[in-house]
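Letter by letter, the chains look like this.
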Amino acid sequence: MKKFIAEFKEFALKGNMIDLAIGMIIATSFNAVVKSIVDDLLMPAFAFIFGKSDFSQLVAFAEYAEDGTLTGGIKYGMFIQNMVNFGIIALSLFVMVKLMNKLKNPKPVEEAPVEEAPAPKPDDIVLLEEIRDLLAKEKVNN
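Residues numbered from 1 in each chain as written. Predicted model: local features only at pLDDT ≥ 70, side-chain atom pairs only at ≥ 80, totals over all residues. Heavy atoms only, no water.

S.K.: An account of the overall build of the protein is needed here, citing residue identities and associated values.
M.R.: Counting secondary structure elements, the protein contains four helices and two strands. N-terminal to C-terminal, the α/β element order of the protein is α-α-β-β-α-α. In terms of overall size, the protein is more extended than a compact globule, its C-alpha atoms giving a radius of gyration of 37 Å where 142 residues would be expected to give roughly 14 Å. Overall, the C-alpha framework of the protein stretches about 120 × 65 × 25 Å when taken along its three principal axes. Taken over 142 residues, the protein has a buried fraction of 8%. (Helix = DSSP H or I, 4+ residues; strand = E, 2+ residues; numbered from the N terminus. Rg over C-alpha atoms; globule rule 2.2 N^0.38 Å. Buried < 20%, exposed > 50% of the residue type's maximum accessible area, 1.4 Å probe, protein only.)

S.K.: Give me the confidence of the model for the protein: which residues, what numbers.
M.R.: For the protein, mean pLDDT is 81; residues scoring 70 or higher make up 96% of the total. The least confident element of the protein is helix α2 (residues 15–50), whose mean pLDDT is 80; the most confident is helix α4 (residues 123–141), at 86. (pLDDT = per-residue confidence, 0-100.)

S.K.: Break down the pairing of strand β1 (residues 60–64) for me, with residues and values.
M.R.: Where β1 and strand β2 (residues 70–74) come together, three bridges link them in antiparallel fashion. In the strand pairing of β2, Ala-60 is matched with Ile-74. Remark: five residues form the turn of the hairpin made by β1 and β2, two consecutive strands paired antiparallel; Gly-68 in that turn has positive phi of roughly 95°. (Pairing = 2+ DSSP bridges.)

S.K.: Account for unusual backbone geometry, with residues named and values stated.
M.R.: Despite not being glycine, Phe-61 has its phi angle at roughly 55°, a positive value. With respect to the helices and strands, the residue Phe-61 is situated in strand β1. For Phe-61, a relative accessible area of 68% gives the class exposed.

S.K.: Can you lay out the pattern of salt bridges for me, pointing to particular residues and giving the numbers?
M.R.: In total, this model carries three salt bridges according to the counting rule given. Notably, a salt bridge pairs Asp-39 with Lys-35, separated by 2.7 Å at the nearest N-O pair. Residue Asp-39 and its partner Lys-35 are both found in helix α2; the two are separated by four residues, about one turn of the helix. Assessed through its relative accessible area of 33%, Asp-39 is described here as partly exposed. Here Glu-129 ties to Lys-121 by a salt bridge, and the two come within 3.0 Å at their closest N and O atoms. Assessed through its relative accessible area of 24%, Glu-129 is described here as partly exposed. (Salt bridge = Lys/Arg side-chain N within 4 Å of Asp/Glu carboxyl O.)

What follows is the structure in structure tokens.
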């Protein structure tokens, strides 16, 4: 039994497990922020444009009970609502990942190129150039 508890403790306290737990907590709070953006900021704008503040109530081929409650139909409005939510979450995550990558790997600052003095020519090249110049000078004089 002690071995089992020791193995469980090792498993539960691994660094990856803790990172995963932290990620889940952050994701849950991030979901609340995105839901608030959708419900409190975007959907009122859609309501102003389309006249409906919540797409989830849109139903085709609706069937209602005698008391007026919806009993069946194609809830295409819920699909639209979920697509809007997904698009905002995907865009938010994309921007967050790009920002994190930029913070993690900042661009190196490019320095102005430093002009280096030309390297001195080897002696044999200098000698060959002198010979060439003398031969060209003799040719001009003749």
